[in-house]
Number of protein chains: 2
Amino acid sequence: MMKKETGAIEKLDKITTIAMKRGFFWPTAEIYGGKAGFYSYGHLGKALKQKFEHLWRLHFLEENCYEIEGSCILPEPVFIASGHLENFNDPLIECKTCHFRFRADQFLEDNNIKTENMSIDDMTKIIAEKQLKCPKCGSWHLGEAKWFNMMFPIALGAAGVKDTAYLTPETAQASYLSFKREFEATRKQLPLGIAIISKAFRNEISPRQLLTRQREFTQAELQMFFDKDEINNLEDRKWKDISKYNLILLPQKAKAITETTCEEANKKLKIPKFYLYYMALTQKFYLDKLQVPKKSFRFRELSEKERAFYNKIHWDMELELDTLGGFREMGGIHYRTDHDLLGHEKHSKENLHIFFNNKSFIPHVIEVSLGVDRDVWAFLDLFYKEEKERTLFTFPKTLAPVDVAIFPLVSKEKMPDKALDIYSMLKDDFSCFYDETDSIGRRYRRQDEIGTPYCITVDGQTMKDNTVTIRARDSMKQVRVKIEKLKEELRK
Amino acid sequence: MMKKETGAIEKLDKITTIAMKRGFFWPTAEIYGGKAGFYSYGHLGKALKQKFEHLWRLHFLEENCYEIEGSCILPEPVFIASGHLENFNDPLIECKTCHFRFRADQFLEDNNIKTENMSIDDMTKIIAEKQLKCPKCGSWHLGEAKWFNMMFPIALGAAGVKDTAYLTPETAQASYLSFKREFEATRKQLPLGIAIISKAFRNEISPRQLLTRQREFTQAELQMFFDKDEINNLEDRKWKDISKYNLILLPQKAKAITETTCEEANKKLKIPKFYLYYMALTQKFYLDKLQVPKKSFRFRELSEKERAFYNKIHWDMELELDTLGGFREMGGIHYRTDHDLLGHEKHSKENLHIFFNNKSFIPHVIEVSLGVDRDVWAFLDLFYKEEKERTLFTFPKTLAPVDVAIFPLVSKEKMPDKALDIYSMLKDDFSCFYDETDSIGRRYRRQDEIGTPYCITVDGQTMKDNTVTIRARDSMKQVRVKIEKLKEELRK
């Protein structure tokens, strides 16, 4: 974990305080002291998450892409075939004195030693050389770093018979298991996209950093199945769309971020067009739909050692977050080739070849994977703003958990009834919040603090001419509109 | 399990065949032979499920009700407090000869012996008396019925330290754990509703009946927290809304279903008004929003032995389904009193009292719980229809997985391009499906078979005057409309 500047820690604390108090998130089972790596969303966090998921669906599910739902619990053979049972491990160290167990790589990073690309034997060696001490009891007597499998095993059925399954560590496997069925049930065409937004589970040894490394988390993943011979043949209209589009890239050997058109990236960096299409789609999602500042976004190419053995091309999508001390992975685009389907064909003995383009083959896969909880945290970080007399989240309107707050100026003269009528009128089309306590100024501040773009106030004049004020979050300016024009006005 | 008529089994087979072929659902990890109690949704099933969830949110989340999201994995103390660790059990029998384990109550029902209200000792006794044989090996040598806990345990962290958690068997606990936070973060008012739509997990000994009794399933649950002194004081406008509304009831001692107004149910059956409000809201959801036939709906009152020990009032919401041989539980309304919050206060030692109505107390809870997968199955059953020349699902328009299919009459003369333009124009507002293979007649039949309300066809005339035909599923009639009027026309 990188050292964070004091300002960053302060910002993290401030955001977390607002988040817990106002209903964005809090530790799961907090009344029992919580459990590392588990968080729950309050109503505001849930709304923000749902809005992100909705935008993701609208943006990524283009023609011949379909959302499905798999099980979180999958039987053991799935993970033998995928390689997770053998390879999905973290390096673990045990203190020989107090038996505390912790992650070797994080331990080294905490001691300011870079572990990128480091082998497990080197970790053991360096820990011994540097005479690092157990973070719990202070003993020098530490064991060797060993691999620890990160899946949670599940015993199915009544104990008698051994029937092991696992909580899925990624949504992707469920898509591969359903691929043949979906191919048959849809247009029998490639490219075919199968999308899943779902929980995934990883038994992290030492979960950290709030929402960004949890044991239970939500992924939004799109698996694009295609004919590998077509990887550099993008449809004309799609290529035309992106060929001049500037990607923000940090290639493996580069020292700085460069803006590179898809055309150049294809020619010079040899990134195939079909892969580039999903890089461009992802970048447009962040910059255009989510309004993330351009300077906070980049793709970083992973080295061969960093990426999973089945990933032939792997760029992470990273956002620069003050609270996490720099650019951090929010997701990645993984060219997984035919690794997974091939493994499943071999282990299940089911034929997973399809017939398409006049040949029989197993499709290749490009996966676009995003961590939903990480994104939620990123929005809290990126859109947090302090002004002289208020703090606010400047969420884009499409992301704000509450679209519009509705207030009676005072709790008398039938203003609350009128305000509740407006609430009922708007509630099916907008996410609304009604509030009648405290002064109007404090109510505005409370809505600023959670990023509500608009506040509607019912006042004395409302009772005479059926008009209300709409107050905008960013400018704090008010306009007066007829109640019957409210929906129309808010849609603008 | 009730004996099913041959017609019912045929219907079940037909629906299942369509469901698997077209993309509603299939067994999870089917290529590995599947696992009892686990199903995955294909794109049509997922869309149907999402639409149900959307309607549920719109209908049940009234003012001061909020959706949150909890963790699926919860630490052990939660289930000590809730009583699940001690009481959430199924009766298990082991064959002493072949060691096969199975559910005692289901085993008796399969042998035509009613087990409602039967104690575990009586199960053992009757199995011995009737000399029932092991369903697997045929041996008479069966063990005693014993309780088997239905939660899946999870070991957190690296093996060394024992840190047990469980997959949650109901969404409700996550709402109770977050209650105090949500109360503080919202309006500090009762009644307060906390809603969760989430996966829940139960280690069923013998899962059955497709989607209706799974080991991993989705619940939509609303917990209404209220002041118990107010249980019979409903707001005037709400009572006016429901007092003359006829509930369809099968009370404990009644022999037949009766229609009873809420007023009568309050006076004669002594059901409190606040509970009646959620019965009425639930019935309206099924009859009005989901268009379930009235004759297929009822509330059944559970006997004291049938209901959980903490439920003071418990009516199940049941639907009559051909494929399941009669009325079956889809959900229930549970007056859980202060059982859960009181348990959590006691075990966590956190003060869960609130101050409201000028007193300090722990709120009571009425839970409205629905099984989402059961509902999805119910729609497939209830809306399945066979006609002379086609089979179809007559889903209400708000539930149909695909809103509109778009076809070029033939795959030439630029009709596909035109049809794809229409697809792009409509895709953000409607769920669309594009298809250009086979004759137009077969394409219509395929859409009927999955319940698509409308098909749009681009034909020769389209290329001349920019009009297309819209064909309605139920009447099979076509009208011709201008492309620019399509959205408007479909919204009607």
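K.L.:
So what exactly am I meant to see when it comes to the overall build of chain A here?
P.N.:
Each helix and strand counted, chain A has 16 helices and 26 strands in total. Computed over the C-alpha atoms, the radius of gyration of chain A is 26 Å, within 12% of the 23 Å expected from 2.2 N^0.38 for a compact globule of 492 residues. Here the C-alpha coordinates of chain A stretch approximately 75 × 65 × 55 Å along the principal axes. Within chain A, buried positions represent 60% of all 492 residues. Long-range contacts, defined here as pairs at least 24 residues apart, represent 66% of the contacts in chain A between residues at least 6 apart. Accessible area of chain A: about 21000 Å², with a carbon and sulfur share of 49%. Distance from the positive charge centre (78 side chains) to the negative charge centre (74 side chains) of chain A: 2 Å.

K.L.:
Help me understand the relation of the copies chain A and chain B, please; the structure alone is not making it clear to me.
P.N.:
Between the two chain copies there is a screw-like relation: a rotation about an axis and a shift along it. With an RMSD of 0.0 Å, the fit of chain A onto chain B corresponds to turning through 180° and sliding 0.0 Å along the axis. Both chain copies can therefore be described as sitting about a two-fold axis. When C-alpha positions in chain A are compared against the rotation axis, the closest is assigned to Ile154 of chain A, at 3.5 Å. Mapped onto chain B, 100% of the interface residues of chain A again fall at the interface, so both copies present the same surface.

K.L.:
In this structure, what is going on with the pairing of strand 15 (residues 313-321) of chain A? I would like to understand it.
P.N.:
For a regular strand, side-chain orientation follows a simple rule: the groups alternate between the two sheet faces. Residues and elements named next belong to chain A. Here strand 15 lies mainly inside the structure; eight of its nine residues are buried. Two elements, strand 14 (residues 297-301) and strand 15, share five bridges in a ladder whose sense is antiparallel. Along strand 15, the bridge assignment pairs Arg300 with Asp316. Sheet topology places strand 15 next to strand 16 (residues 326-337); nine bridges connect them, and they run antiparallel.

K.L.:
How should I be thinking about the domain arrangement of chain A in this particular structure?
P.N.:
Reports often express the size of an interface as the amount of accessible area lost when the parts come together. Residues and elements named next belong to chain A. In terms of domains, chain A is made up of domain 1 (2-72 + 180-383), domain 2 (91-149) and domain 3 (402-491). Between the C-alpha centres of domain 1 and domain 3 the distance comes to 37 Å. Roughly 540 Å² is buried in total at the junction of domain 1 and domain 3, and carbon and sulfur atoms are behind 52% of that figure. The interface formed by domain 1 and domain 3 includes two salt bridges. As a salt-bridge pair, Glu449 and Arg22 come within 2.8 Å of each other at their nearest N and O atoms. Listed by contribution, the elements that provide at least two residues to the side of domain 1 that touches domain 3 are helix 1 (6-22) and helix 2 (43-60).

K.L.:
Just to check I follow, could you spell out the interface of chain A and chain B for this structure?
P.N.:
Tallying the contact residues gives 77 residues for chain A and 77 residues for chain B. Between chain A and chain B, a total of about 6700 Å² is buried, with carbon and sulfur atoms accounting for 58% of that surface. Connecting chain A to chain B are ten salt bridges. Between Glu69 of chain B and Lys199 of chain A there is a salt bridge whose closest N-O contact spans 3.7 Å. Inspection of the chain A/chain B interface yields 34 residue pairs in polar contact (both at pLDDT 80 or more). Of the residues assigned to the side of chain A that touches chain B, the class counts are 36 nonpolar, 19 polar and 22 charged.

K.L.:
For this particular structure, what's the right way to read helix 13 (residues 415-426) of chain B?
P.N.:
Helical periodicity: at 3.6 residues per turn, an α-helix aligns residues three or four positions apart in one direction. Residues and elements named next belong to chain B. The terminal C-alpha atoms of helix 13, which comprises twelve residues, lie 17 Å apart, in line with the 16 Å expected from a rise of 1.5 Å per residue. Buried within helix 13 are the following residues: Met415, Pro416, Ala419, Ile422, Tyr423 and Leu426. Down the axis of helix 13, the smallest arc covering the buried residues is 120°, so these residues share one side. Each element contacted by the buried residues of helix 13 is listed here: strand 22 (404-408), strand 23 (432-434), strand 24 (454-458), helix 15 (460-465), strand 25 (467-472) and helix 16 (486-491).

K.L.:
Would you explain the pattern of salt bridges in this entry?
P.N.:
Charged atoms that come close allow side chains of opposite charge to pair. All names here are of chain A. This model, assessed by the stated rule, comprises 96 salt bridges over all chains. With a shortest N-O distance of 2.9 Å, Lys359 and Asp227 are connected by a salt bridge. On the criterion of sequence distance, the pair formed by Lys359 in strand 18 (residues 359-361) and Asp227 in the loop between strand 11 (216-226) and helix 8 (236-242) is long-range, its members being 132 residues apart. Since its relative accessible area comes to 25%, Lys359 is described here as partly exposed. Since its relative accessible area comes to 3%, Asp227 is described here as buried. Between Asp435 and Arg446 there is a salt bridge whose closest N-O contact spans 2.6 Å. With Asp435 in the loop between strand 23 (432-434) and helix 14 (440-450) and Arg446 in helix 14, the pair connects residues that are eleven residues apart, well separated along the chain. With a relative accessible area of 23%, Arg446 lands in the partly exposed category.

K.L.:
What exactly am I supposed to notice about the sheet that holds strand 14 (residues 297-301) of chain B here?
P.N.:
Within a sheet, each strand pairs with its neighbour through backbone hydrogen bonds, oriented either parallel or antiparallel. All names here are of chain B. Ordered by their spatial adjacency, nine strands build an open sheet running 3-10-11-19-16-15-14-12-13, and the pairing between neighbours is mixed. The open sheet terminates on both sides in strands that have one partner only, identified here as strand 3 (65-67) and strand 13 (258-261). Adjacent strand axes in the sheet meet at a mean angle of 30° when their direction is disregarded. The sheet contact formed by strand 11 (residues 216-226) and strand 19 (residues 364-371) spans eight bridges and is antiparallel. Across the sheet, the residue bridging to Gln223 is Glu367, located in strand 19.

K.L.:
Would you take a moment to explain the packing of helix 2 of chain A against helix 12 (residues 372-382) of chain A for this structure?
P.N.:
Relative placement of two packed helices is described by the angle separating their axes and the distance separating the axes. All names here are of chain A. Running from N to C, helix 2 and helix 12 cross one another at 110°; their axes reach a closest spacing of 10 Å. Judged by the angle between their axes, helix 2 and helix 12 are roughly perpendicular. As helix 2 runs across helix 12, the sense of the crossing is right-handed. Here Leu48, Lys49, Phe52 and Glu53 of helix 2 come into contact with helix 12, specifically with Val372, Asp373, Asp375, Val376, Phe379 and Leu380. A breakdown of the residues in the contact of helix 2 with helix 12 according to their chemical character gives six nonpolar, no polar and four charged.

K.L.:
Quick question: what am I supposed to make of the packing of aromatic side chains here?
P.N.:
Given two aromatic rings, their pairing is described by the distance between the two centres and the angle made by the two planes. Residue and element names in this part refer to chain A. The full count for this structure, using the stated rule, is 52 aromatic pairs over all chains. For the ring pair Trp56 and Phe60, a centre distance of 5.6 Å and an interplane angle of 35° mean the geometry is tilted. With Trp56 and Phe60 both in helix 2 and four residues apart, the pair spans about one turn of that helix. Summarising the burial analysis for this pair, Trp56 and Phe60 share the class buried. Residue placement shows Lys273 over the ring face of Trp239; its charged tip is 4.6 Å from the ring centre.

K.L.:
I would appreciate a short explanation of the pairing of strand 24 (residues 454-458) of chain A in the present structure.
P.N.:
All names here are of chain A. By the criterion of burial, strand 24 is predominantly enclosed, with five of the five residues buried. What you see with strand 24 is no split at all: Tyr454, Ile456 and Val458 on one side and Cys455 and Thr457 on the other are buried throughout. Summarising the sheet, strand 22 (residues 404-408) and strand 24 pair through five bridges and their orientation is parallel. Each residue of the ladder has a partner; that of Ala405, found in strand 24, is Cys455. Bridge count for strand 24 against strand 25 (residues 467-472) is four bridges, and the pairing is antiparallel. Each bridged residue has a counterpart across the sheet, and for Thr457 the counterpart in strand 25 is Thr469.

K.L.:
I keep staring at the side chain of His314 of chain B and nothing clicks. Help me out?
P.N.:
Residues and elements named next belong to chain B. Note on placement: His314 falls in strand 15 (residues 313-321). Of the polar contacts made by the side chain of His314, one reaches the side chain of Asn311; its length is 3.5 Å. A polar atom in the side chain of His314 sits 2.8 Å from the side chain of Asp316. Here His314 is in contact with Tyr275, Arg300, Glu301, Leu302, Arg307, Ile333 and His334, once residues within four sequence places are set aside.

K.L.:
Would you explain the sheet that holds strand 14 of chain A in this entry?
P.N.:
Residues and elements named next belong to chain A. A sheet is described by the order of its strands in space; here nine strands give the open sequence 3-10-11-19-16-15-14-12-13, paired in mixed fashion. Among the strands making up the open sheet, the edge pair consists of strand 3 (65-67) and strand 13 (258-261). Strand after strand, the sheet turns through a mean of 30° between neighbouring axes, direction not considered. Strand contacts of helix 7 (residues 172-185): strand 3, strand 10 (192-201), strand 11, strand 16 and strand 19 (364-371), with the helix running at about 150° to strand 10, the strand carrying the most contacts. Contacts between helix 12 and the sheet are confined to strand 11, strand 15, strand 16 and strand 19, with strand 15 contributing the most and set at about 35° to the helix.

K.L.:
Please clarify how helix 6 (residues 120-129) of chain A should be interpreted in this entry.
P.N.:
All names here are of chain A. Taken residue by residue, helix 6 has Ile120, Met123, Ile126 and Ile127 as its buried positions. Projected onto a plane normal to the axis of helix 6, the buried residues spread over an arc of 120° and lie on a single side. Turned more than 90 degrees from where helix 6 packs its buried face, Asp121, Lys125, Ala128 and Glu129 sit exposed. Along its buried surface, helix 6 packs onto strand 5 (89-94), helix 5 (104-110) and strand 7 (146-149). Positive phi shows up at Gln131, right after helix 6, with a value of about 50°.

K.L.:
Which parts of the structure should I look at to understand unusual backbone geometry?
P.N.:
The residue after Leu190 of chain A, namely Pro191 of chain A, is reached through a cis peptide bond having omega -10°. Considering the arrangement of structural elements, one finds Pro191 of chain A in the loop between helix 7 and strand 10. Positive phi is not limited to glycine here, since Asn64 of chain B has a value of about 60°. Of note, Asn64 of chain B is situated in the loop between helix 2 (43-60) and strand 3. Here Lys270 of chain B, not a glycine, exhibits a phi torsion of approximately 60°, which is positive. Summarising the element assignment, Lys270 of chain B is placed in the loop between helix 9 (262-267) and helix 10 (273-289).

The rules behind the values
Residues numbered from 1 in each chain as written. Chains lettered and ligands numbered in written order. Predicted model: local features only at pLDDT ≥ 70, side-chain atom pairs only at ≥ 80, totals over all residues. Heavy atoms only, no water. Helix = DSSP H or I, 4+ residues; strand = E, 2+ residues; numbered from the N terminus. Rg over C-alpha atoms; globule rule 2.2 N^0.38 Å. Buried < 20%, exposed > 50% of the residue type's maximum accessible area, 1.4 Å probe, protein only. Contact = heavy atoms within 4.5 Å. Areas by Shrake-Rupley, 256 points an atom, 1.4 Å probe, with all protein chains shown as cover. Lys, Arg positive; Asp, Glu negative; His and termini not counted. Charge placed at Lys NZ, Arg CZ, Asp CG, Glu CD. Least-squares fit on C-alpha atoms with pLDDT ≥ 70 in both. Pairing = 2+ DSSP bridges. Domains from an automatic or database assignment. Buried area = accessible area lost by both parts, 1.4 Å probe. Salt bridge = Lys/Arg side-chain N within 4 Å of Asp/Glu carboxyl O. Polar contact = N/O pair within 3.5 Å; in protein donor to acceptor, adjacent residues only side chain to side chain. Nonpolar A, V, L, I, M, F, W, Y, C, P; charged D, E, K, R; others polar. Expected span 1.5 Å × (residues − 1). Arc of directions from axis to C-beta. Axes fitted to C-alpha atoms, helices over the stretch in contact; angles between N-to-C directions. Parallel < 35°, antiparallel > 145°, perpendicular 65-115°, else oblique. Left-handed = near helix turned anticlockwise from the far one by under 90°. Phe/Tyr/Trp six-rings, centres within 6.5 Å; stacked < 30°, edge-to-face > 60°. Lys NZ or Arg CZ within 6 Å of the ring centre and 35° of its normal.

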